[in-house]
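Results of the structural survey
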Amino acid sequence: EAGVVQSPRYKIIEKKQPVAFWCNPISGHNTLYWYLQNLGQGPELLIRYENEEAVDDSQLPKDRFSAERLKGVDSTLKIQPAELGDSAVYLCASSSYPRVSTGELFFGEGSRLTVL
Amino acid sequence: QQQVKQSPQSLIVQKGGISIINCAYENTAFDYFPWYQQFPGKGPALLIAIRPDVSEKKEGRFTISFNKSAKQFSLHIMDSQPGDSATYFCAASVGSNYQLIWGAGTKLIIKP
């Protein structure tokens, strides 16, 4: 079974440029998460989807970040415009259960963003 | 109160030794405590998890010890191997919540 697939793996952009990350979750996983991970730190939740509905986006900086999950499968996370402080790894995870205490989170390998 | 405090930040252990990583929490409502393992360039992967109705859970060389009264839990890696070198994250959640609260991570290096 294929795991969570993310692309691109690496992206280098100038500040103020837009960037987009794509995630394909494990087949059948209705719950999808986007996390941000800074170097040497634990993941920080940005947004959680149940099917196509964003059920928790309280920690998403909505002035520059946006996300969508059309048809409840693939998801895209966009940053526009990017700032220097956005340099980080953006992780996508999926689960077959909505509650973390009942199901394992499966993570992709992440998209490493460098903003110059 | 939502924090999970993890220590040490980094740890070096000789091959064959026991690696111990500790986590502490304040929120007594937490009822699920997973440990994730992350290799460089990879996403975290679930290693082992425990609920507070048991004091210990063992899976192969990995053991979680849970102390409910002290609000602490720890990961023990027995007979540590170079392949165990990774960053380990503890986490916690409340059953009614949908979010994991993550520790800051411990970078473990096993010396051959």
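Refer to the structure above for everything that follows.
Here's what I pulled together on the structure shown here. Because the structure is a prediction, the values reported are computed rather than measured. Position numbers for residues count from 1 along each chain, tracking the sequence in the order it is written. As a convention, the first chain written is A and the first ligand written is 1, with the rest following in written order. Per-residue local features of the predicted model are confined to residues with pLDDT of at least 70, and side-chain atom pairs are confined, for both listing and counting, to 80 or more; whole-chain, interface and lining totals are unaffected and use all residues. Heavy atoms from the whole structure form the basis of all side-chain values; hydrogens and water molecules are not counted.

**Comments concerning the pattern of salt bridges**
The following threshold applies: Salt bridges, as used here, are contacts in which a Lys or Arg side-chain nitrogen is within 4 Å of a carboxyl oxygen on Asp or Glu. Numbering of helices and strands starts at the N terminus; helices are DSSP runs of H or I of at least 4 residues and strands are runs of E of at least 2. Here the term buried applies to any residue with accessible area under 20% of the maximum for its type, exposed to any over 50%, and partly exposed to those in between, with areas from a 1.4 Å probe on protein chains only.
Summed over the entire model, instances satisfying the criterion amount to nine salt bridges over all chains. Two residues, Glu26 of chain B and Lys71 of chain B, come together in a salt bridge whose shortest N-O distance is 3.5 Å. Pair noted here: Glu26 of chain B is in the loop between β3 (19-25) and β4 (33-38) and Lys71 of chain B is in the loop between β7 (62-67) and β8 (72-77), with a separation of 45 residues, a long-range link. Residue Lys71 of chain B is classed as partly exposed on the basis of its relative accessible area of 23%. Of the charged contacts in the structure, one is a salt bridge between Arg61 of chain B and Asp84 of chain B, with a shortest N-O distance of 2.8 Å. Of this pair, Arg61 of chain B sits in the loop between β6 (56-59) and β7 while Asp84 of chain B sits in the loop between β8 and β9 (86-92), placing them 23 residues apart in sequence. For Arg61 of chain B, a relative accessible area of 28% corresponds to the partly exposed category. Each of the salt bridges in this network shares a partner with another, and the network as a whole consists of Arg9 and Glu109 of chain A together with Lys42 of chain B.

**Side note on the layout of surface pockets**
Put simply, the test is: Only protein atoms enter the 1 Å grid used here. Points where a 1.4 Å probe fits but cannot escape make up a cavity, open sets with protein on both sides within 12 Å along at least five of seven lines make up a pocket, and a residue lines them when an atom lies within 4 Å of a point. Grid points are joined across faces, edges and corners, and a volume is the space filled by probe spheres set on the points. When residues are grouped by polarity, Ala, Val, Leu, Ile, Met, Phe, Trp, Tyr, Cys and Pro land in nonpolar, Asp, Glu, Lys and Arg in charged, and all others, Gly among them, in polar.
Its volume calculated, the largest pocket comes out at about 650 Å³. Contributing to the lining of the largest pocket are 33 residues, with Leu39, Gly40 and Arg112 of chain A together with Gln38 and Thr87 of chain B lying nearest its centre. Broken down by secondary-structure element, the contributors of at least two residues to the lining of the largest pocket are β9 (88-95) and β11 (111-115) of chain A together with β9 and β11 (106-111) of chain B. Considering only residue class, the lining of the largest pocket consists of 13 nonpolar, 15 polar and five charged. Empty space within the second largest pocket amounts to approximately 210 Å³. Lining the second largest pocket, in full, are Tyr35, Pro43, Glu44, Leu45 and Gln59 of chain A together with Gln2, Gln3, Val4, Gln99, Leu100, Ile101 and Trp102 of chain B. Residue classes in the lining of the second largest pocket are distributed as seven nonpolar, four polar and one charged.

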